[in-house]
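# Structural overview for review
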Amino acid sequence: MANHTQNPETTVHRHEEIQRKLALKEERKHHNVSFVMMILLTIVAFFAIWSDKISDSFAVLFILTLAVVQVFFQLYVWMHLSHKGHDFPIWGMASGILVAAITVASLMGLIWTS
Amino acid sequence: MATHESHKKRSGLMDWLTTVDHKKIGILYLLAGGFFFLIGGLEAVLMRIQLMEPDSKIFTGELYNQLLTMHGTTMIFLAAMPIIFGFMNAIVPLQLGARDVAFPYVNAVGFWLFFFGGVLLNLSWFLGGAPEAGWTAYAPLSTVAEDTGVDFYVLGLQIAGAGTLAGGINFLVTIINMRAPGMTFMRMPLFTWASFVTSGLILFAFPALTVGFFLLMFERVFDANFFNPDMGGNILIWEHIFWIFGHPEVYILILPAFGIISEVISTFSNKRLFGYSAMVFATVLIGFLGFMVWVHHMFTVGLGPVANSIFAVATMAIAIPTGVKIFNWIFTMWGGQIRFSTAMLFAVGFVPTFVMGGVTGVMLSVPAADYQYHDSYFVVAHFHYVIVGGLILGLFSGLYYWYPRMFNRVLNETLGKWNFWLFFIGFHLTFFPQHWLGLMGMPRRVYTYMSGQELDGANFVSTIGAILMGAGTVVLLINIIISASSKYATTKDPWDGRTLEWSMPVPTPEYNFAQTPLVRGLDALYVEKTAGNGAMTPAEPVGEIHMPNGSILPFILSLGMFISGFGFIYSNWYVAGAGLGLVLITMFLRSIIDDHGYHIHKEEVEADIKGGRA
């Protein structure tokens, strides 16, 4: 009898437990994947510079692109920007990047091309 | 729950040196900013005395350049910004329903850094002469100046700027995280919104200034060549960096004034602000556009028609959200029950004055026309119309409006009206003729002019106006002094206020809110008044209140920066190292000393509520 009233609660608890474990497992998978990816990207970037077959001008642009990808891995997987409650950090970073990009782009355009 | 017995009440000077209470730091900001405002005003009057007559020889050449530089620098960095921070400190946590800012200790660090930076800069008067390269310190004028004036400028402002940056970050975090239950973003009072956007601008604009100052400091102290074309540098880099900071800076200044005006006009018209969401949107948009217009300070540099046109269009676009604000203020007054208190007079005087400054701003934003106006008194007239006619009238309005909350006294209304009319008439007498002086070709920053060029009359009128403005400020000082008398004691809500800062008794309790209030709409207090409650509904039971302990470390840390500043100015590395060492020691102490603050017990809070003190 007593078991009867307790059972639903423990089931709920067990369900929550399972869900949390699944979420953790998922996240661990993400971490592993991004960790391997980041190492691979670093190796690729290293080879782009190391190899003589790839021209310097292309290599610079190429590793800059890889760097952007790495930043996103870093921010979203490792610093949990994908989780709830990170609206303000995202807004802050986006507007900061925007301001910095406008500044750098127009400075380069205005000072070093004219 | 263990309570901490480490809390000891300090009193007198030590209390003010160690305080981390946002209300006291607000007062400190206001006093220090007010002091520098008087110094900057004195410098302005001295310049106007020199320019009263043609061929006058009272303050000539170098001395005039020093007055000019220090007037601009002092007014922007050491008067306007600290007074704004004073109001933000005193009012924003109250308007949010918070017990303090997010980082009370950082708040104290910010104030003391600003204070010591300002003192360092002004000590240059006594130590070989003030900086004389203009508040913009353009290279190569600033890099080749041989005396130590510009060194004081760079180091003093670098230290003060670090304090401002700390303050800006603090208010961003406070406004995002410390809002009372129910205080959504779209229920925040406009002054808090303006403080939020201003803090964002500080966060993005001040690093540019910091970088620029480091470059200039390295150029002067360590013989670097960033701005030296002979060695592969580029003079224009300084101008760009300075204005990438400098243009957002003018919005950092004006947005809080917009916020104050919105509060005052709404309160004294007994109406909710017209077009609240449009006002919020306009504030954010002005902040956003403010970052894309810096080149309009550099139209005559020769960046080419494409660059000039892009930045001209961006500049003109700012007139649109500003116009939205102007109309919303007028519509707020329309049909309201207007009470012309001194605060409201300043707010009403602000609106047309700021429009005039805005119109000359649009005129200046046309590059072709700007070639004519550039470096003439027309520019001087324009930016004094927006900064004095906009910001300073706004700050005076805020001072009369919030004085009861900050100092538990009201200011005398009769003297207040004298203050307003003297200052307002004096202001227009000073700066209105300068439009014509500029159009007639009088260059700015030049210490004299010859007679017989039809410049005499307008210059004379301008000086008379400056003296009237000075007289208005003296009336304000008298008003502040006599307000200390108990005759001027105030009630908790002298203006029939609408926002949360009028909901607690005077003097404001140390913990602001005995119980965090529940916010049920825009103009939270007004909502409760119309609902017949008269007071805020609490969102929590009476309980223990956690408070931070005061600390002398912010003062010592800033003193260390001050000492190292002297070391760098005179290239004495021992002194510089010792100062930075002191900074590191205070940082270390702050890190290892565990200070959990203290608790105000439930019984004390209950006693305060019963005694009408909370």
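The rules we used
Residues numbered from 1 in each chain as written. Chains lettered and ligands numbered in written order. Predicted model: local features only at pLDDT ≥ 70, side-chain atom pairs only at ≥ 80, totals over all residues. Heavy atoms only, no water. UniProt positions renumbered as here; feature names shortened; annotations may be inferred. Domains from an automatic or database assignment. Contact = heavy atoms within 4.5 Å. Buried area = accessible area lost by both parts, 1.4 Å probe. Helix = DSSP H or I, 4+ residues; strand = E, 2+ residues; numbered from the N terminus. Patch = residues over 30% accessible without salt bridge, like charges linked within 9 Å, V, L, I, M, F, W, Y side chains within 5 Å. Areas by Shrake-Rupley, 256 points an atom, 1.4 Å probe, with all protein chains shown as cover. Salt bridge = Lys/Arg side-chain N within 4 Å of Asp/Glu carboxyl O. Lys, Arg positive; Asp, Glu negative; His and termini not counted. Charge placed at Lys NZ, Arg CZ, Asp CG, Glu CD. Buried < 20%, exposed > 50% of the residue type's maximum accessible area, 1.4 Å probe, protein only. Expected span 1.5 Å × (residues − 1). Bend = angle between axes of the 7 residues up to and from the residue. Polar contact = N/O pair within 3.5 Å; in protein donor to acceptor, adjacent residues only side chain to side chain. Core = buried A, V, L, I, M, F, W, Y, C linked by side-chain atoms within 4.5 Å. Axes fitted to C-alpha atoms, helices over the stretch in contact; angles between N-to-C directions. Parallel < 35°, antiparallel > 145°, perpendicular 65-115°, else oblique. Left-handed = near helix turned anticlockwise from the far one by under 90°. Nonpolar A, V, L, I, M, F, W, Y, C, P; charged D, E, K, R; others polar. Phe/Tyr/Trp six-rings, centres within 6.5 Å; stacked < 30°, edge-to-face > 60°. Lys NZ or Arg CZ within 6 Å of the ring centre and 35° of its normal.

The name recorded for chain A in an unreviewed UniProt entry is Cytochrome C oxidase subunit IV family protein, from Fictibacillus norfolkensis. The annotation that UniProt attaches to chain A under Subcellular location (unreviewed entry) is "Cell membrane".

## A word on the domain arrangement of chain A
Residues and elements named next belong to chain A. The domain boundaries assigned to chain A delineate domain 1 (2-83) and domain 2 (85-114). At the junction of the two partners, domain 1 supplies six residues and domain 2 supplies five residues. Buried area between domain 1 and domain 2, summed over both chains or domains, comes out near 380 Å², and the portion from carbon and sulfur atoms is 71%. Summed over the three residues of domain 1 that lose the most area to domain 2, namely Leu75, Leu81 and His83, the buried surface amounts to 78% of that side.

## Regarding the UniProt feature "transmembrane region" (unreviewed entry) in chain A
Residues and elements named next belong to chain A. In this numbering, the UniProt entry assigns the feature "transmembrane region" (unreviewed entry) to residues 33-51, 57-78 and 90-112. Taken end to end, residues 33-51 comprises 95% helix and 0% strand; its first and last C-alpha atoms sit 26 Å apart. End C-alpha atoms of residues 57-78 are separated by 31 Å, and the span's content is 100% helix alongside 0% strand.

## A closer look at a negative patch on the surface
Residues and elements named next belong to chain B. Judged by side-chain charge, Glu544, Glu603, Glu604 and Glu606 come together as a negatively charged surface patch. Here Glu606 shows up in helix α19 (residues 602-610). The partly exposed category is assigned to Glu606, whose relative accessible area is 37%.

## Remarks on the environment of B:Ile425
Note that B:Ile425 resides in helix α14 (residues 413-439). In this structure, the C-alpha to C-alpha distance between B:Ile425 and B:Met469, residues 44 residues apart in sequence, is 7.9 Å.

## Some remarks on helix α3 (residues 61-96) of chain B
Residues and elements named next belong to chain B. Across its 36 residues, α3 extends 50 Å between first and last C-alpha, which sits within 8% of the 52 Å expected from 1.5 Å per residue. Along α3, the sharpest kink reaches roughly 40°, centred on Met75. Most of α3 is tucked away, with 32 of its 36 residues classed as buried. After α3 finishes, the residue Gly97 shows a positive phi value of roughly 80°.

## A word on helix α15 (residues 456-482) of chain B
In an α-helix, one full turn covers 3.6 residues, which means residues spaced three or four apart are oriented alike. Taking 1.5 Å per residue, 27 residues should reach 39 Å; α15(B) reaches 40 Å between its end C-alpha atoms and fits that length. Among the residues of α15(B), B:Asn459, B:Ser462, B:Thr463, B:Gly465, B:Ala466, B:Met469, B:Gly472, B:Thr473, B:Val475, B:Leu476 and B:Asn479 are the ones counted as buried.

## Considering the pattern of salt bridges
Residues and elements named next belong to chain B. For the structure shown, the criterion picks out 13 salt bridges over all chains. For Asp523, the salt bridge is made with Arg498, and the minimal N-O distance between the two is 2.9 Å. Of this pair, Asp523 sits in the loop between β1 (517-518) and α16 (524-530) while Arg498 sits in the loop between α15 and β1; the two residues are 25 residues apart in sequence, bridging distant segments of the chain. In terms of burial, Asp523 and Arg498 fall into one category: buried. Between Arg520 and Glu528 there is a salt bridge, with its nearest N and O atoms 2.9 Å apart. Look at Arg520 and you get partly exposed, because its relative accessible area is 41%.

## Focus: the interface of chain B and chain A
In this assembly, 17 residues from chain B lie in contact with 13 residues from chain A. The tally of links from chain B across to chain A stands at zero salt bridges. Put simply, chain B and chain A have zero residue pairs in polar contact (both at pLDDT 80 or more) between them. Every element with two or more residues in the side of chain B that touches chain A is listed here: α7 (190-221), α8 (235-268) and α10 (305-333) of chain B. Considering each element in turn, the side of chain B that touches chain A owes the most residues, four residues, to α8(B).

## Considerations on the side chain of B:Asp100
Relative to the assigned elements, B:Asp100 resides in the loop between α3 and α4 (104-123). Of the buried charged residues, B:Asp100 lacks a salt bridge, with B:Lys23 as the closest side chain of opposite charge at 6.4 Å.

## A closer look at unusual backbone geometry
Residues apart from glycine generally show negative phi values, whereas peptide bonds are mostly found in trans. The omega torsion across B:Ala139 and B:Pro140 is 5°, close enough to zero to call that bond cis. Cis geometry marks the peptide bond from B:Val506 to B:Pro507, where omega comes out at -15°. In this fold, B:Pro507 is placed in the loop between α15 and β1. In this structure, A:His80 takes a positive phi of about 60° despite not being glycine. With respect to the helices and strands, A:His80 occurs in the loop between α2 (56-78) and α3 (87-112). Taking relative accessible area as the criterion, A:His80 reaches 25% and is therefore assigned partly exposed. In this structure, B:Ala137 takes a positive phi of about 50° despite not being glycine. Within the secondary structure, B:Ala137 is located in the loop between α4 and α5 (141-144).

## Focus: the nonpolar core
Residue and element names in this part refer to chain B. Ranked by size, the top nonpolar core spans 171 residues in total, and within it Phe87, Trp193 and Trp329 carry the most contacts. For this core, the element with the highest residue contribution is α8, accounting for 20 residues. Dropping the residues within four chain positions of it, Trp193 is found in contact with Phe185, Met186, Met188, Tyr276, Val280 and Val284. Met47, Leu51, Phe59 and Met442 belong to the second-largest nonpolar core, a separate cluster that totals twelve residues.

## A closer look at the packing of α8(B) against helix α13 (residues 377-407) of chain B
All names here are of chain B. One way to put it is that α8 packs onto α13 with a least axis distance of 8 Å and a crossing angle of 50°. The pairing of α8 with α13 is recorded here as oblique in orientation. The way α8 lies across α13 gives a crossing that is left-handed. Two secondary-structure elements touch here, α8 through Leu253, Ile254, Ala257, Ile260, Ile261, Glu263, Val264, Thr267 and Phe268 and α13 through Val386, Ile387, Gly390, Leu391, Gly394, Leu395, Ser397, Gly398, Tyr401 and Trp402. Grouping the constituent residues of the contact of α8 with α13 by class yields 13 nonpolar, five polar and one charged.

## Focus: the packing of aromatic side chains
All names here are of chain B. Across all of its chains, the model carries 72 aromatic pairs over all chains by this definition. Between Tyr153 and Phe213 the ring centres are 5.7 Å apart and the planes differ by 85°, which places this aromatic pair in the edge-to-face class. Separated by 60 residues along the polypeptide, Tyr153 in helix α6 (residues 149-177) and Phe213 in helix α7 bring together distant segments of the chain. The burial state of Tyr153 is the same as that of Phe213; both residues are buried. Taking the centre distance of 5.5 Å and the plane angle of 65° together, the rings of Phe268 and Trp495 count as edge-to-face. Taken together, the positions of Phe268 in helix α8 and Trp495 in the loop between α15 and β1 put the pair 227 residues apart, joining distant regions of the chain. For Trp495, a relative accessible area of 10% gives the class buried. Across the ring face of Trp16, the terminal group of Lys24 is positioned such that the distance to the ring centre comes to 5.9 Å.

## Quick notes on a nonpolar patch on the surface
All names here are of chain A. On the surface, Val33, Phe35, Val36, Met37, Ile39, Leu40, Ile43, Phe46, Phe47, Trp50, Trp78 and Met79 cluster together to form a nonpolar patch covering roughly 1,200 Å² of accessible area. Among the elements that make up the nonpolar patch, the one with the highest residue count is helix α1 (residues 2-50) (ten residues). Counting through the fold element by element, Met37 comes out in helix α1. Looking at Met37, the relative accessible area reads 33%, which means it is partly exposed.

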